[in-house]
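Each chain, written out:
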Amino acid sequence: MRNRTRSDSLVFFGASGDLAYKKIFPALLAMARRGKLDFPVIGMGRSGWTRDQLVERARASVTEYGGFDAKAFATLESRLKYLDGDYNDVQTFEQLRAILAQCDSTRPAHYLAIPPSVFPGVIEKLHVASCTREGARVIVEKPFGRDLESARSLNDTLHRAFPEDHIFRIDHYLGKEAVQNMLYFRFANAFLEPIWNRHYVSKVVITMAENFGVKGRGKFYEEAGVVRDVIQNHLLQIVSYLAMEAPAGTYADAIRDEQIKVLRNIRPIKPEDLVLGQFSGYRKEPGVDPASRVPTFAALRLFVDSWRWEGVPFIVRAGKALEATQTEVVVELRHAPPVVFSEDTPERSNYIRFRLAPNVAIGIGARAKRGGDEMVGAPIELSVVEEGVQGAEGRLGDYERLLGDAMEGDATLFARQDIVETAWSIVEPILGSDNPVHEYEPGSVGPTEADRITAG
Ligand code: BG6
């Protein structure tokens, strides 16, 4: 296995930013709590801060998001360094190199928790200042471009300084315990394999519903829209986990090699397989064009042209300002023939459900006879896994898992270049779609026009 040496320091750009506050400090604290934070952490920022200010920011962050723990925080504090400087100035990066030398770090992991527009400059200067020598890694946050062309250009930029197996592109969905559990359940249970195909599955429905709007991120959202924001990345990754063949072994790229085969076999999306929506009130959000056509909801029907899945619709729905926050996958099975009993079998009788958020659950849908004279049934759901919203003890947070894996050099849960680019080529035809954008009421289930997609 290549590239499995452990990074010996973490340099994170954007230390004074929002992502650091909400995700990175809490993940570092969780690592400290488990005794895994045994490397220097160098925060990089351009806010004119001192190290003390960074420590206070870290304390506020973990108090709000991580559950303050004095002992773990003392470890985090003892590991934390801070370098403030201009990302356009090569001197900042020379200072960074000096700090790395002081820490005896020869294999830093550079985490770019910064806007993509700043990536090229930072990568180039890291390179010029010799911070990207053999053994160095880079961790990048989405968006990985905004279409195929810009994704390729970002990849070229990254490859000028790092080989592909030293690049860790974060799709935080892959770090989620529930997504891991879905993959595990699929391949750890032999009873699923005989039915996991076009002969038994009638359709697969993947829904990512959020009951909030764009949370003040109107400017960002205008550039993105629902397809770029969550479908090109999170939801296509889930489609590939559901549809892929069993990985051929445990070599490092076994899973990603199967994911890419699925994505390459997704049929080009036709306009009739897409319904777009926008919640009423979106256009009044700060930073949003009053005449915006940017979709905040999409329902699409995908087909994976493979031996296993030919003809089975994969329905992907995602939207903001819907009635509830819920992400789930329902794999619907074909009906039992209705010849034995006189009742009409409802549409969704047998299914496997993977609830990914807000709680984690796996359930199997079946029908059982109701008590009484008649041979009439009722739906039941067998619960395989059912966790409360707070999650189980010992569960790793998504960022903790991903940062830990990147430090270890395990790239399984990171988006590989070919996966990112193929995912862009799948959605590209619908990015500039002329399909109407239907208005829907906040708190609803989305535009009613989407029902025809959901029907399969
Ligand atoms: C992000 C999107 O990638 O994922 C957000 O930019 C979305 O719009 C978020 O709300 C959902 O992630 P999670 O982990 O809260 O389900």
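The structure we're discussing is the one just above.
About the thresholds
Residues numbered from 1 in each chain as written. Predicted model: local features only at pLDDT ≥ 70, side-chain atom pairs only at ≥ 80, totals over all residues. Heavy atoms only, no water. Salt bridge = Lys/Arg side-chain N within 4 Å of Asp/Glu carboxyl O. Helix = DSSP H or I, 4+ residues; strand = E, 2+ residues; numbered from the N terminus. Buried < 20%, exposed > 50% of the residue type's maximum accessible area, 1.4 Å probe, protein only. Near = heavy atom within 4 Å. Polar contact = N/O pair within 3.5 Å; in protein donor to acceptor, adjacent residues only side chain to side chain. Nonpolar A, V, L, I, M, F, W, Y, C, P; charged D, E, K, R; others polar. Lys, Arg positive; Asp, Glu negative; His and termini not counted. Contact = heavy atoms within 4.5 Å. Phe/Tyr/Trp six-rings, centres within 6.5 Å; stacked < 30°, edge-to-face > 60°. Lys NZ or Arg CZ within 6 Å of the ring centre and 35° of its normal.

Caption draft 1: Representation of the pattern of salt bridges. Counted by the stated rule, this structure contains 26 salt bridges. Where Arg33 meets Asp69, a salt bridge forms, and the shortest distance between an N and an O atom there is 3.2 Å. Of this pair, Arg33 sits in helix H1 (residues 18–33) while Asp69 sits in the loop between helix H2 (51–66) and helix H3 (70–79), and the two are 36 residues apart along the sequence. On the basis of relative accessible area, Asp69 is assigned to the partly exposed category, the value being 22%. Glu421 is paired through a salt bridge with Arg152; the nearest N and O atoms lie 3.7 Å apart. Highlighted residues: Glu421 in helix H11 (residues 417–431) and Arg152 in helix H6 (residues 148–161), separated in sequence by 269 residues.

Caption draft 2: Layout of the site of the ligand. Lining the immediate surroundings of the ligand are Lys142, His172, Tyr173, Lys176, Met208, Glu210, Arg217, Asp229, His234 and Lys320. With respect to the ligand, the side chain of Tyr173 contributes an N or O atom lying 3.2 Å from an oxygen atom. With respect to the ligand, the side chain of Lys320 contributes an N or O atom lying 2.7 Å from an oxygen atom. Considered class by class, the residues forming the shell around the ligand number two nonpolar, two polar and six charged.

Caption draft 3: Spatial organisation of the side chain of Asp171. Within the secondary structure, Asp171 sits in the loop between strand S6 (167–170) and helix H7 (177–188). Notably, Asp171 is buried but unbridged: the nearest opposite-charge side chain belongs to Lys142, and the N-O separation is 7.7 Å. Those residues within four positions of Asp171 in sequence are excluded, and the remaining contacts are Asn233, His234, Gln237 and Leu402.

Caption draft 4: Broad picture of the packing of aromatic side chains. All chains considered together, the criterion is met by 13 aromatic pairs. Considering the side-chain rings of Phe13 and Phe93, the 6.1 Å spacing of their centres and the 20 degrees angle between planes classify their relative orientation as stacked. Taken as a pair, Phe13 in strand S1 (residues 9–13) and Phe93 in helix H4 (residues 90–102) lie far apart in primary sequence, 80 residues in all. Phe93 matches Phe13 in its accessibility class, with the two residues each being buried. Taking the centre distance of 5.1 Å and the plane angle of 85 degrees together, the rings of Phe168 and Phe414 count as edge-to-face. With a gap of 246 residues between them, Phe168 in strand S6 and Phe414 in the loop between helix H10 (398–408) and H11 connect regions that are remote in the sequence. Residue Phe168 is classed as buried on the basis of its relative accessible area of 0%. In this structure an aromatic cluster arises from ring pairing among Tyr221, Phe279, Tyr282, Phe297 and Tyr440. For Lys176, the ring lying beneath its charged end belongs to Tyr173, and the centroid distance is 4.9 Å. In this arrangement the basic side chain of Lys215 is found over the ring face of Phe212, its NZ or CZ atom lying 4.1 Å from the centre.

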